[in-house]
Amino acid sequence: MSKNPDIPLQDSGSLSPGGDGPRHVAIIMDGNGRWAQARGRPRLFGHHAGAKRVREVVEACPGLGIEYLTIFAFSTENWKRTQTEVAGLMNLFRRYISREMAALATRNVRVRFIGDRLRLDAKLVKLMDRLEVETAGNDGTHLTVALNYGGRDEVARATKRLAHDVANGTLNPEEVDEETLPRYLDTYVLPDPDLVIRTSGEARISNFLLWQSAYSEYEFIDTLWPDFTAAELGRLCEKFGRRERRFGTVKT
Ligand code: FPP
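Remember, predicted model here, so these are calculated numbers, not experimental data.

Peer 1: Got a minute to help me understand the pairing of strand 5 (residues 195-198) in this structure?
Peer 2: Put simply, side chains in a regular strand alternate between the two faces of the sheet. Because side chains alternate across strand 5, one face comprises the buried residues Leu-195 and Ile-197, and the other comprises Val-196 and Arg-198, equally buried. Judged from the four bridges that link them, strand 1 (residues 24-28) and strand 5 form a sheet pairing that is parallel. Counted as the bridge partner of Val-25 is Leu-195 from strand 5. As defined by bridge partners, strand 5 adjoins strand 6 (residues 217-220) across four bridges and the pair is classed as parallel. By the bridge assignment, Val-196 is partnered in strand 6 with Tyr-218.

So this is what it looks like as structure tokens:
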């Protein structure tokens, strides 16, 4: 079974169809590179501008009724970028976590990280662990940062842990079902995302929350991430509230 006694909140049906705004919003923050290039600046300049938008978006969540925000900061595929860009991003994450995110902690934000930490630099992992511990008592916005995250990788790692539990006799293979498997995912304490937003005009999900977004609504918008604002998030939440979510059923 799951190594954590926390109750999994896999309740994608928590919102009344067509009713409230999204409880959990997940964002693929894309377009930093193009934003920088359009200004004749290096790609890292765009990532720094993108990092600044994170705070505004996190701070807008309580006013919009968003309890959970999950952001895609670095994918398992992003290691294929140039060494300069990868090193610059890792440096940015370290700085961001030690300065900016500590400020978020005082605003009642609970921070979690998902993804495989094994390939990350030990100093960065230490900062991540510390921030999770420091904010564990907060019960405002739940901010989850996907860092070295890939949906397929997550399912593979979950399956490995599940297989170990079967091998050591703590899990009966007959009990493996749609409720059991997600308890082994990195997101086991999070509800499924209601709304997934991708900025920068690309209409693909790029290995983000593959299992969890089975019934999410998607918004692919043209805005480049460094230009994304709380106002735009508000408009997307309003639009979400007008959608009819059926979860496979029919309208009665
Ligand atoms: C995608 O834009 C963005 C990333 C790979 C990095 C996302 C990181 C941030 C927004 C930095 C801050 C995050 C935290 C949590 C500190 P891209 O480079 O693929 O843009 P492009 O498609 O225009 O090239």
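Peer 1: Where do I start with the site of the ligand in this structure?
Peer 2: In the neighbourhood of the ligand, 18 residues make up the surrounding shell, with Asp-30, Gly-33, Arg-34, Arg-43 and Arg-81 lying closest. Between the ligand and Asn-32 there is a distance of 3.2 Å, counted from an oxygen atom to a backbone nitrogen or oxygen. One of the side-chain nitrogen or oxygen atoms of Arg-81 is found 2.8 Å away from an oxygen atom of the ligand. With the chains in place, 92% of the 620 Å² that the ligand exposes on its own is no longer accessible. More than half of the atoms belonging to the ligand lie within 2 Å of the grid points that define the largest pocket. For the shell around the ligand, the secondary-structure elements that each account for two or more residues are helix 1 (32-37), helix 2 (43-64), strand 2 (68-75) and helix 3 (83-98). Considering each element in turn, the shell around the ligand owes the most residues, four residues, to helix 2. Residues belonging to the shell around the ligand are distributed by class as follows: eight nonpolar, six polar and four charged.

Peer 1: So what exactly am I meant to see when it comes to the UniProt feature "active site" (unreviewed entry) in the protein here?
Peer 2: Feature annotation in UniProt places "active site" (unreviewed entry) on Asp-30 and Asn-78, given in this structure's numbering. The greatest C-alpha distance among the annotated residues, which extend across 49 residues, is 12.2 Å, indicating that they converge on a single site. Lining residues of the largest pocket, restricted to the annotated ones just named, are Asp-30 and Asn-78. Counting through the fold element by element, Asp-30 comes out in the loop between strand 1 and helix 1. On the basis of relative accessibility, which here comes to 17%, the residue Asp-30 falls in the buried class.

Peer 1: Could you clarify how one ought to interpret the sheet that holds strand 1 in this entry?
Peer 2: What links the strands of a sheet is backbone hydrogen bonding, and the strands pair in either a parallel or an antiparallel sense. A sheet is described by the order of its strands in space; here six strands give the open sequence 3-4-2-1-5-6, paired in parallel fashion. If you trace the sheet from one side to the other, it starts and ends with strand 3 (110-114) and strand 6, each paired once. When strand polarity is set aside, the average angle formed by the axes of neighbouring strands in this sheet is 20 degrees. On top of the sheet, helix 7 (residues 230-241) reaches strand 1, strand 5 and strand 6; it is set at about 140 degrees to strand 5, its chief contact.

Peer 1: Got a minute to help me understand the pattern of salt bridges in this structure?
Peer 2: Side chains that differ in sign of charge can pair as their charged atoms come close. Using the criterion set out here, one finds 19 salt bridges in the structure. Where Arg-34 meets Asp-30, a salt bridge forms, and the shortest distance between an N and an O atom there is 3.5 Å. In this structure, the salt-bridge partner of Arg-243 is Glu-217, at a minimum N-O distance of 2.5 Å. Note that Arg-243 is positioned in the segment after helix 7 and Glu-217 in strand 6, a separation of 26 residues in sequence. Judged by its relative accessible area of 17%, Glu-217 is buried. It is possible to trace a salt-bridge network through shared partners that takes in Asp-30, Arg-34, Arg-198, Glu-202 and Arg-204.

Peer 1: Help me understand the layout of surface pockets, please; the structure alone is not making it clear to me.
Peer 2: Rolled over the atoms, a probe as big as a water molecule pinpoints where empty space is left. Taken as a whole, the largest pocket holds about 650 Å³ of empty space. Contributing to the lining of the largest pocket are 33 residues, with Met-29, Asn-32, Phe-72, Ala-73 and Asn-78 lying nearest its centre. Breaking the lining of the largest pocket down by element, the ones donating at least two residues are helix 1, helix 2, strand 2, helix 3 and strand 4 (142-149). For the lining of the largest pocket, a count of residues per class yields 18 nonpolar, eight polar and seven charged.

Procedures and definitions
Residues numbered from 1 in each chain as written. Predicted model: local features only at pLDDT ≥ 70, side-chain atom pairs only at ≥ 80, totals over all residues. Heavy atoms only, no water. Buried < 20%, exposed > 50% of the residue type's maximum accessible area, 1.4 Å probe, protein only. Helix = DSSP H or I, 4+ residues; strand = E, 2+ residues; numbered from the N terminus. Pairing = 2+ DSSP bridges. Near = heavy atom within 4 Å. Polar contact = N/O pair within 3.5 Å; in protein donor to acceptor, adjacent residues only side chain to side chain. Areas by Shrake-Rupley, 256 points an atom, 1.4 Å probe, with all protein chains shown as cover. 1 Å grid on protein atoms, 1.4 Å probe; cavity = no way out; pocket = protein on both sides within 12 Å on 5 of 7 lines; lining within 4 Å. Sits in = over half its atoms within 2 Å of the grid points. Nonpolar A, V, L, I, M, F, W, Y, C, P; charged D, E, K, R; others polar. UniProt positions renumbered as here; feature names shortened; annotations may be inferred. Axes fitted to C-alpha atoms, helices over the stretch in contact; angles between N-to-C directions. Contact = heavy atoms within 4.5 Å. Salt bridge = Lys/Arg side-chain N within 4 Å of Asp/Glu carboxyl O. Points joined across faces, edges and corners; volume = space filled by probe spheres on them.

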